[in-house]
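As a plain string of letters, each chain reads:
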Amino acid sequence: MPRRFAVLLLSLSCVTLAHSQPSIRLSVDASDAPRRMFHARMVIPARPGPLTLVYPKWIPGEHGPTGPIINVAGQWFKAGGKPIEWKRDGADMYAFHLDVPAGVTEIEAQLDFLGSASTEGFSSNASSTAQLAVISWNQLLLYPQGVKSDDVRFTASLKLPKGWKYATALPAAPLSSRVNEDETQFSTVSLTTLVDSPVLAGAFLRREELAPDTYLNIAADSASALEMTQEQLTSFKNLVTEANALWGAHHYRQYNFLYTLSDYVAH
């Protein structure tokens, strides 16, 4: 029997209303996910003068400064369509220093994330195959230094390979607000909520309702890998029933299990 990694991400929908401050618009193109390449573009509100943008370093659930900065490539910055000079901080390689030109209210930033092929380790290692991907937003963004993650707002959108489906706790924005038909735009949330809402996507994705507002989402490298017996499905449903019986309540609007079966992704 082939070995399959079972990666289980727990994704809760707990969205806070957006603040009045402008959000950072993040567009992620995952069309090249089968080749382990992701492309991100950001439009960041800014004022003229010095600005330091940082790449997420401390990653929830990994309990350390594990942000995979070594996988970032092709970054550039523009204002009004013209390049902005930038330099890496001499001590903190996660920080980028820019000088925003006069009269500018927002800048554009772009980066590519080159995925690892190693299946050992955590989210910074292999996260995509030819048929599926686990998208961790923290790998694909920058934000202003010195601002709490709860206070930074992001409006994210995602483009997937043709025919792929996705699952996430992050709520999608209304269809009327979409800019491109081939992209899914999500509601504006804090950076904290965004990073806590990974996306599971793939050509083979199965969704099962375990209980009201509780879902099991499974992606695999083939349709046959998604097969399960009724007994197995009942066990998952019992997990939810027993948890509610034990605690007497649940503190979430919606709960999504993101379950990945593959030989080719990391833990």
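Scoring rules and cut-offs
- Residues numbered from 1 in each chain as written.
- Predicted model: local features only at pLDDT ≥ 70, side-chain atom pairs only at ≥ 80, totals over all residues.
- Heavy atoms only, no water.
- Phe/Tyr/Trp six-rings, centres within 6.5 Å; stacked < 30°, edge-to-face > 60°.
- Helix = DSSP H or I, 4+ residues; strand = E, 2+ residues; numbered from the N terminus.
- Buried < 20%, exposed > 50% of the residue type's maximum accessible area, 1.4 Å probe, protein only.
- Lys NZ or Arg CZ within 6 Å of the ring centre and 35° of its normal.
- Contact = heavy atoms within 4.5 Å.
- Pairing = 2+ DSSP bridges.

This part takes up the packing of aromatic side chains. Within the structure shown, the criterion is met by 9 aromatic pairs. Measuring from centroid to centroid gives 5.8 Å for Y166 and F186, while their planes differ by 85°, and the two rings are edge-to-face. Here the residue Y166 occupies a position in strand β13 (residues 165-167), and F186 occupies one in the loop between β14 (183-185) and β15 (189-190), the gap between them amounting to 20 residues. Judged by its relative accessible area of 30%, Y166 falls in the partly exposed class. Here the aromatic cluster, defined as three or more aromatic residues joined through ring pairs, consists of F77, W86 and F96. In this arrangement the basic side chain of K78 is found over the ring face of W76, its NZ or CZ atom lying 4.6 Å from the centre.

Here P198 is to be found in the loop between α1 (191-195) and β16 (199-202). A residue is classified by how much of its surface remains accessible, and P198, at 12% relative accessible area, is buried. Linking P198 and W137, residues 61 residues apart in sequence, is a C-alpha distance of 6.5 Å.

All right, on to the environment of R36 then. Here R36 lies in the loop between β2 (24-29) and β3 (37-45). A residue is classified by how much of its surface remains accessible, and R36, at 30% relative accessible area, is partly exposed.

Looking now at unusual backbone geometry. The phi torsion at R36 lies on the positive side, around 65°, for a residue other than glycine. You will see that H63, though not glycine, has its phi angle at about 60°, which is positive. For H63, a relative accessible area of 72% corresponds to the exposed category.

Let us now look at the side chain of S157. If you trace the backbone, S157 turns up in strand β12 (residues 153-159). Relative accessible area serves as the criterion here: at 7%, S157 is assigned to the buried category. In this structure S157 touches L26, S27, V28, W137, E183, T184, Q185 and F186, once residues within four positions along its chain are discounted.

Here the focus is the sheet that holds strand β7 (residues 86-88). Judged by pairing direction, the sheet is antiparallel, and its 4 strands sit side by side in the order β7-β8-β4-β11 without closing on themselves. Looking at the sheet topology across the chains shown, the edges are occupied by β7 and β11 (143-144). Across 2 bridges, strand β4 (residues 49-54) lies against β11 in antiparallel orientation. Note that in β11 the partner of V54 across the bridge is Y143.

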